[in-house]
Every structure is written in C-alpha cells, then in structure tokens.
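# Tertiary structure, described
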Amino acid sequence: MADRPVAIAEKRLMDVKLGELGTWIGGRDFTPNGLIASLRKGHDRYYNKYINVKKGGIGGVAMLLVGYVALSYMWEYDHIKHDRWRKYH
Amino acid sequence: MLSRLVFVSANALKGSGHFGPGLVQASRSLQTSSQSLAPVPPLPEKGGKTRHGIIPEELFQLLYPKTGVTGPYMLGTGLLVYMLSKEIYVINHETFVAASIGAVLIYGIKKFGPDVAAFADKLNEEKVSKAQEVKDLAMTNLTQAIEDEKKEQWRVEGRSMLFDAKRNNVAMILETNYRERLHMVTNEVKRRLDYQIALQDLHRRMEQEHMVNWVEKSVIGSITPQQEKQSIAKCITDLKALAKTAQATA
C-alpha cells in the first residue's frame, strides 16, 4: 500500500514497525493536555464500540468490571502474597 | 445487555457534562474527517463482539491464522496454570467468594438477560418513536407552511387584477360624475335661454296688441255720426236685396 508518507509519531500503534517504536514513543504528546486528550480518545473509542450501540451486549460493561477486578488484585498483591500455600515455587 | 441499560441511563445523564462533550467531540472528529455531519449517521446495530462476555473477538481473530480455533483457549489455559503454579494468583477465601459470586452472576445473566434486553429495547423504542413523532409533526407543519406560502404567492399575483378592477371602478365613477355635471350645465343654460325667448315673445305680443288696440280706437273715433247713419241705411237695403234673392231661390 503506497499511502502518502505519514510522520511516524502520528501513526496508529498497530501500524508502527518494531524498529520505529522508540521514535513513536518519543513523538507522542506527553503534555497534560496531550495525556487528557489521549484518555479522552481512548474512552471515546471504547464507548463508541461497545456501549453507544443500539443492541449492546454484556461485553461492554463486563469487560470494564473484569478489568477493575484484575487491577485491584494487582494493587493488593503485596498483601495477598502472605496467603500463599507454598514458600518456594 | 447491561450496556443497553447503561446507554439508556447515559443518555439520561447527557445533560451533565460527562458523556455529552465526549459524544460531541467524537462527532466533531467525524466532521473533520468526512464530508458533512448532517444527517447524523445512525448508531451501529450491535457492539463489538465478545467471546464469553469478557474477551473481545479481536483476540481470537488475531491468533486464528497461526493457531487455529483452539489457540486462544490454549493460551488461556496455559496462562491460568502458570499463574496457579507460580502462585501469582493465590487461592484463598476470596477465591471461593469470587467463585460463588461469579456463579450467581452467570446464572442470573443467562436466565434474565434476554428479558432485561427486551425491556431496555422497549425503552429505547419509545424514546425514538417520540422523537420521530416530533420530527414528523415538524415536517408536516413545514410542508403545510410551504403550501400556504405558495398559495399566498399565487394570491399576490391576483392582486394586480384586483387593482385593475378598482381602477376601472374609479374611472367609471369619474365619468359618471362628469356626465352628470355636463347635463346639469346644459339644462341650466337651456333654461336661461328659454327665459330670454319667452321674454322676447312677450314683448312682441304686447306691442302687437297695443298697436291693434290703438288702431281700433282711432278708427272708431273717426267714424262720424252721419257716416254711421249712412252705413246703417246701406246695410238695410243690402239685407232687403239679399232677402229677395234668397226668397227667389227657395
């Protein structure tokens, strides 16, 4: 596909080649405005794909809940470590 | 299906700034990329597909060329066994809690899912139909207004004919007035002239009569008594002669 040349930093993550990853990360916008904009865009993409539809399924909300459960497990891991059954794995 | 309820409630929250600007911004980004925004594209029918409710279908599509259908399941099993064996996931009392809650949730969703979905769909339908009604009403009103406007324009065209008729009326009234006055003038003039003629006639008659009277008076005054006797005697002899001739013929 011979598209017109796009700057590396503006490509989508899936189109970035492995060698360009460093340049890509360096070119992203890390100002507070940029961070908030990226959060907003991520939210919009998820919302428009799974929730803002005529007949949504359980997936939209369920994935959010599962993500929350996993995240909270990770945050509590240092505390849960003490319930391990064996000392050496 | 729960997301349908979320959507219904999210629409209710749209007044608060949380979702609203996001949606507006999403639509604005649509505007910059495609040609125009109106009419707003309809919502997609179904959301992104998920397998077992929590894993997006994209993962399965990603792994299908390399590992076939069972690839992601193998991945899941391997991950699970790894986490259990290394005790990255620790089995404690919370595991049982999670398991029971999960069982109840799954049973509830499987059993009541379709009903809740139908209910949420019905709510959506009602909202959409209400909006559609308003739109249809507005459309009929506007088309009616267009019809009325066209009729008014047609009427305006006829107004020039109205003015012509009125102008004709006024001209006729003026003409009538003019002719009336003309008649009046003629009559007045004729009256005055007739008076003058009558006056002259009277003059002539009076002069005639006066002259006749005067001649008669002078003639009668000039007859002397002797002449009167002579004329009476002559009249008698004439009468006798006439009587004789009359007797002779009879």
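Residues numbered from 1 in each chain as written. Chains lettered and ligands numbered in written order. Predicted model: local features only at pLDDT ≥ 70, side-chain atom pairs only at ≥ 80, totals over all residues. Heavy atoms only, no water.

### Focus on the overall build of chain B
In terms of helices and strands, chain B carries six helices and two strands. In sequence order, chain B lays out its α and β elements as α-α-β-β-α-α-α-α. Looking at the 250 residues of chain B, the share that counts as buried comes to 10%. When contacts within chain B are restricted to residue pairs at least 6 apart in sequence, those whose partners lie at least 24 apart make up 42%. Total accessible area on chain B stands at roughly 21,200 Å², and carbon and sulfur atoms take up 67% of it. (Helix = DSSP H or I, 4+ residues; strand = E, 2+ residues; numbered from the N terminus. Buried < 20%, exposed > 50% of the residue type's maximum accessible area, 1.4 Å probe, protein only. Contact = heavy atoms within 4.5 Å. Areas by Shrake-Rupley, 256 points an atom, 1.4 Å probe, with all protein chains shown as cover.)

### Considering the overall build of chain A
Within chain A, the secondary structure is distributed over four helices and zero strands. From first element to last, N terminus to C terminus, chain A shows the α and β order α-α-α-α. For chain A, the exposed surface amounts to about 7,200 Å²; the carbon and sulfur share of it is 63%.

### Describing the UniProt feature "transmembrane region" (unreviewed entry) in chain A
The UniProt record marks residues 56-75 of chain A with the feature "transmembrane region" (unreviewed entry), using the residue numbering of this structure. What you have in residues 56-75 of chain A is 85% helix and 0% strand, and the ends, taken at the C-alpha atoms, are 30 Å apart. (UniProt positions renumbered as here; feature names shortened; annotations may be inferred.)

### Quick word on the packing of aromatic side chains
Residues and elements named next belong to chain A. In total, this model carries four aromatic pairs over all chains according to the counting rule given. Plain terms: the ring middles of Tyr46 and Tyr50 are 5.1 Å apart, the flat faces sit at 40 degrees to each other, and that makes the pair tilted. With a gap of four residues between them, Tyr46 and Tyr50 both fall in helix 2 (residues 32-51), about one helical turn apart. A relative accessible area of 24% means that Tyr46 is categorised as partly exposed. Overall, Tyr50 belongs to the buried group, its relative accessible area being 7%. (Phe/Tyr/Trp six-rings, centres within 6.5 Å; stacked < 30°, edge-to-face > 60°.)

### A look at the pattern of salt bridges
Residues and elements named next belong to chain B. Per the stated rule, a full pass over the model turns up eleven salt bridges over all chains. Across the pair Arg155 and Glu152 runs a salt bridge, and its minimum N-O distance is 2.9 Å. One end of the pair is Arg155 and the other is Glu152, both in helix 5 (residues 93-222) and three residues apart, which spans about a single turn. In this structure Glu152 comes out as partly exposed when scored by relative accessible area, which is 39%. With a closest N to O distance of 3.5 Å, Arg179 and Glu175 form a salt bridge. (Salt bridge = Lys/Arg side-chain N within 4 Å of Asp/Glu carboxyl O.)

### Topic: the side chain of Glu57(B)
All names here are of chain B. Inspection of the secondary structure puts Glu57 in helix 3 (residues 57-67). One polar contact links Glu57 to Arg51, side chain to side chain, over a distance of 3.1 Å. If we ignore the near neighbours within four places in the chain, the residues touching Glu57 are Lys49, Thr50 and Arg51. (Polar contact = N/O pair within 3.5 Å; in protein donor to acceptor, adjacent residues only side chain to side chain.)

### Some remarks on the environment of His52(B)
Locating His52(B) in the fold gives a position in the loop between strand 1 (50-51) and strand 2 (55-56). What makes His52(B) exposed here is its relative accessible area of 61%.

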